[in-house]
Amino acid sequence: MRAAAFTGYGEPLEVRDVDAPEPDASGVVVELEACGICRSDWHAWIGDYQDREFPDGHVFGHEPAGRVVAVGADVERVREGDHVAVPFNLGDGTCPHCRNGHANVCENRIPLGLVPDSQGAFAEQVAVPWADANVVHLPAGVSSIEMAGLGCRFMTAFHALAHRADVAAGDWLAVHGCGGVGLSAVHIADALGANVVAVDLFEEKLSLARELGAVETVDASEATDVPAEVEAITDGGADVSVDALGIAETCRNSVSCLRTHGQHVQIGLTTKEEGGEIPLPTDRIVFREIDFVGSIGMQPARYDEIFRLIRTGKLDPSGVISERVPLEETGAKLAAMTEYETVGIPVIDEF
């Protein structure tokens, strides 16, 4: 089969013929119809995950949707031909967190394509372990392209706002960074009834944020004090604020734009420059009794919450998809993310 293979940190991906995967007893193989190209793939490709050494030929990609073409002997609820999406954070279904409904933080989780021993979905096919615990059956009438973002960015933003944050109707919610996950957060927050302020450096992304429901925007390339701008718009500060990028500036701006008893939600992961640690305005957090909440992925068992909102027209994940590209352009899209040149979610639809 064809796959876009890793050739070195920051180096172009190379489309190669590689061995097709086989399912283990608990797993399935999915033939790809679509796969999102995510900034988390960029983090791995550029070398931000310094605890992981990716070999030549590794395959990234963790937002797959398609059809099941092979099923392991022990799989019970997935069949050949099923139309499915696959969450990026694969849980084993048996650890204490999985049994308590928190499969997204499984003790034995495998981030699809984002560790050296997990081949990802920038390929014609991808193997998915622990299929009964992870594979999500897609509703009738939706395309794989529409659902590609459910592997990571859209569902990550949904879990952050619907499950981890305390978002109430009428709340002011700021989103710092309008990439794929940030724009997903804008759209989801609007559906949940929040008043959204979107913050970014690029007018094209802010324009799309307005289309997806932002009632106000802040151009960080022009603002001398982003938190002050958000405080002025919200008459005292946001109730909830999201760092959807993961650099020091957006994280601190997110915390600093909150009102008393506000809540910061961290979705974005840091780069090599931050190295996983960002200095924060700790005294402000204390004096205003601000909550700092982390959020990663989403439990597959809760995807139906998204599907119900899609069915009633309140959510439309396809609105965040910006372009469709062939497998050969995957590396170019990763390179474009270095200077934040992509808008929304690019999706591979030709393998």
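(A) Summary view of the sheet that holds strand β11 (residues 195-200). Strand order across the open sheet formed by six strands is β12-β11-β10-β13-β14-β15, with parallel pairing between neighbours. Where the open sheet ends on each side, the last strands, each with one partner, are β12 (216-219) and β15 (291-294). Adjacent strand axes in the sheet meet at a mean angle of 20° when their direction is disregarded. Pairing between strand β14 (residues 258-266) and β15: four bridges, direction parallel. Its bridge partner lying in β15, V265 is registered against V293.

(B) Representation of the pattern of salt bridges within the structure. Tallied over the entire structure, the rule returns 14 salt bridges. Note that E14 and R16 form a salt bridge whose closest N and O atoms lie 2.5 Å from each other. Judged by relative accessible area, which is 22%, R16 ranks as partly exposed. Between E33 and R67 there is a salt bridge whose closest N-O contact spans 3.6 Å. Separated by 34 residues along the polypeptide, E33 in strand β3 (residues 28-36) and R67 in strand β4 (residues 64-71) bring together distant segments of the chain. You can call E33 partly exposed: its relative accessible area is 33%. The exposure class assigned to R67 is partly exposed, which follows from its relative accessible area of 36%.

(C) Geometry of the packing of helix α1 (residues 39-46) against helix α12 (residues 330-337). The contact between α1 and α12 brings their axes to 9 Å, and the two run at 90°. Comparing their axes, α12 and α1 come out roughly perpendicular. Taking contact as the criterion, the partners of R39, D41, W42 and W45 in α1 are, on α12, L334, A335 and M337. For the contact of α1 with α12, the class distribution of residues is five nonpolar, no polar and two charged.

(D) Main features of the packing of aromatic side chains. Taken as a whole and judged by the stated rule, the model has five aromatic pairs. For the pair F54 and F60, a centre-to-centre distance of 5.1 Å together with 80° between the ring planes defines the contact as edge-to-face. Of the two residues, F54 and F60, neither departs from the other in class, the shared state being buried. Following the ring pairs from residue to residue traces out a cluster consisting of F6, Y9, F54 and F60. Seen from the ring of Y49, R52 lies directly overhead, with NZ or CZ sitting 4.3 Å from the centre.

(E) Expanded view of the nonpolar core. Judged by nonpolar contacts, the single largest core of 54 residues is most densely connected at L138, L150, L161, L173, V186, I306 and F307. Ignoring any residue separated from it by four or fewer positions in sequence, one finds L173 in contact with L161, V167, A189, A194, N195, V196, V197, V240 and V242. Residues L32, V78, V128 and V135 belong to the second largest nonpolar core, which totals 38 residues.

(F) Seen up close, α1. Within α1, eight of the eight residues are buried, which leaves it mostly tucked inside the rest of the structure. In this fold, the buried residues of α1 make contact with β3, α5 (153-164) and α12. Positive phi appears at G47, one or two residues downstream of α1, with a value of about 100°.

Criteria and cut-off values
- Residues numbered from 1 in each chain as written.
- Predicted model: local features only at pLDDT ≥ 70, side-chain atom pairs only at ≥ 80, totals over all residues.
- Heavy atoms only, no water.
- Pairing = 2+ DSSP bridges.
- Helix = DSSP H or I, 4+ residues; strand = E, 2+ residues; numbered from the N terminus.
- Axes fitted to C-alpha atoms, helices over the stretch in contact; angles between N-to-C directions.
- Salt bridge = Lys/Arg side-chain N within 4 Å of Asp/Glu carboxyl O.
- Buried < 20%, exposed > 50% of the residue type's maximum accessible area, 1.4 Å probe, protein only.
- Parallel < 35°, antiparallel > 145°, perpendicular 65-115°, else oblique.
- Contact = heavy atoms within 4.5 Å.
- Nonpolar A, V, L, I, M, F, W, Y, C, P; charged D, E, K, R; others polar.
- Phe/Tyr/Trp six-rings, centres within 6.5 Å; stacked < 30°, edge-to-face > 60°.
- Lys NZ or Arg CZ within 6 Å of the ring centre and 35° of its normal.
- Core = buried A, V, L, I, M, F, W, Y, C linked by side-chain atoms within 4.5 Å.

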